[in-house]
Amino acid sequence: MNINEKYIKRCLELAENGLGNTYPNPLVGAVVVHENKIIGEGWHHEAGKPHAEVNAIAQVKDESLLKQSTIYVNLEPCSHFGKTPPCSDLIIAKGIKKVVIGMLDPFEKVAGRGIKKLMDAGCQVQVGVLEDQCKALNQRFLTYHLQKRPYIILKWAASQDGYLSPFLFPEIPKNPAPVWITGSQSKQLVHLWRSQEQAILVGANTVLADQPSLTTRLWKGKNPTRVILDPDLTLTAEAKVFNSETKSIWIHDEKIQNKNHSLSVSEPMQFAEDSLSKLMQILYKHEIQSLIVEGGAFTLNQFIQANLWDEARVFTGKSIFKKGTPAPTLPKEKIREEKIIDIDQLKIYRND
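Sequence order as written defines the numbering, with residues in each chain counted from 1. Selection of residues for local features in this predicted model requires a pLDDT of at least 70, selection of side-chain atom pairs for listing and counting requires 80 or more, and totals for whole chains, interfaces and linings are taken over all residues. Excluded from the side-chain calculations are hydrogens and water; all other atoms, namely the structure's heavy atoms, are used.

**Remarks on the environment of Ser195**
The following threshold applies: Only DSSP runs of H or I with at least four residues qualify as helices, and only runs of E with at least two residues qualify as strands; both kinds are numbered from the N terminus onward. Each residue is assigned to one of three classes by its accessible area relative to the maximum for its type, calculated with a 1.4 Å probe on protein chains only: buried under 20%, partly exposed between the two thresholds, exposed over 50%. Contacts are residue-level and defined by heavy atoms, with any inter-residue pair within 4.5 Å sufficient.
With respect to the helices and strands, the residue Ser195 is situated in helix H7 (residues 184-196). On the basis of relative accessible area, Ser195 is assigned to the buried category, the value being 8%. Linking Ser195 and Gly221, residues 26 residues apart in sequence, is a C-alpha distance of 5.1 Å. Excluding its chain neighbours within four sequence positions, the residues that come into contact with Ser195 are Gly20, Thr216, Trp219, Gly221 and Lys222.

**As for the sheet that holds strand S10 (residues 248-253)**
Definition in use: Paired strands, in this sense, are two strands between which DSSP finds at least two bridges. Helix axes use the C-alpha atoms of the stretch in contact, all axes being lines fitted to C-alpha atoms, and the angles between their N-to-C directions lie in the range 0 to 180 degrees.
An order of S11-S10-S9-S8-S12-S6-S13-S16-S15 is seen for the 9 strands of this open sheet, with the pairing classed as mixed. Looking along the sheet, the strands with just one partner apiece sit at the ends: strand S11 (265-269) and strand S15 (335-341). Adjacent strand axes in the sheet meet at a mean angle of 20°, parallel and antiparallel pairs treated alike. Direction of pairing for strand S6 (residues 151-158) relative to strand S12 (residues 290-293): parallel, over a ladder of 4 bridges. Considered in S12, the bridge of Tyr151 is made with Ser290. Where helix H6 (residues 139-147) meets the sheet, it contacts S6, S12 and strand S13 (311-316), and its direction lies at approximately 125° from that of S6. Against the sheet, helix H9 (residues 275-285) contacts S6, strand S8 (199-203), strand S9 (225-229), S10, S11 and S12, and its axis sits at roughly 145° relative to S11.

**With respect to the packing of aromatic side chains**
Filter applied, for reference: Any two rings among Phe, Tyr and Trp, with Trp reduced to its six-membered ring, count as a pair given centres within 6.5 Å; such a pair is stacked if its planes are under 30 degrees apart, edge-to-face if over 60, and tilted if neither. A ring is considered to have a charge above it if a Lys NZ or an Arg CZ atom is located within 6 Å of its centre and within 35 degrees of its normal.
Counted under the stated rule, the structure contains 4 aromatic pairs. Between Tyr7 and Tyr72 the ring centres are 5.0 Å apart and the planes differ by 45°, which places this aromatic pair in the tilted class. Taken together, the positions of Tyr7 in helix H1 (residues 3-15) and Tyr72 in strand S3 (residues 70-75) put the pair 65 residues apart, joining distant regions of the chain. Taking NZ or CZ as reference, Lys187 lies 4.2 Å from the ring centre of Trp180, over its face. Of note, Arg313 hangs over the ring of Trp193, and the distance from its end group to the ring centre comes to 4.7 Å.

**Here's the deal with unusual backbone geometry**
The step from Tyr23 to Pro24 runs through a cis peptide bond, and the omega angle for that step is 5°. Here Pro24 shows up in the loop between H1 and strand S1 (29-34). Phi at Asn36 takes a positive value of approximately 60°, unusual for a residue other than glycine. Looking at where Asn36 falls in the secondary structure, it is placed in the loop between S1 and strand S2 (37-43). If you check the backbone angles, Glu287 has positive phi at about 60° while not being a glycine. Relative to the helices and strands, Glu287 is located in the loop between H9 and S12.

Right, dumping it as structure tokens:
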């Protein structure tokens, strides 16, 4: 690993601290280096607050050193006025002449303009250091801006014998007791994941069967926006997914008027063969960059059949149901990681 890679790697480590808090902004870390010593570092904490470059430069105790320093950042410094001033202007104003950047910013208001501004001001700019790792960190941001849809994570838990539930919808007992497949550590991990992603989606059948709240109650963090697919408006506003704990987007057939959406955003949609593409348009409009799909078998299989997923996180617990709703299946060659979480097995699939 050369010196530039070493410091971009540090930028990536810093940037990851912002996961779940920076939407709609990307994850960015920055370090200021003088004579091979870090004299300032920082990351973007939250949208609307100072960017990584600002925080890193603010840490430098002796600003006279900046003119002989290099600033490293995993993503191209911004060049436009948003909620904060352009970081490229700050770098120029502070007299920093060397800038090393992990990757270009695909956002149309930046997209090379930050680099051009720096170079026009006489800065020596290097781009493309650990680029693949930089893209991997900001896969949500990139998917949203390049594919006009959220980064999609499928998640489910299956019994040892391959069932999502001992019940086969619609043969579900009235007010059934919750059926937990995984242990407490896995449940807590799922709530951590929820805090890191921008939205979570389930179908109406899952709401009817499980009455979930879809919050991060087992982990300190932001609740994701809840996206509920309910074509026939079978749910009522009293369902937990429509309480005031967080925003809910209630998606239903456009032919049916929703009169019960005081605690949610009502989004009519035409449900047809290409309904998922219409759903992506709605989520893009709401600036949803990442989505966990925690629905039942029907909803999960819709995404799998459409090949509309980027990652899948699949738990296998110790339970044996013998019958019920079969869990979805994914090709074994897409498994990228396997872990043991206490008593459960976790497999991570990637749809590269």
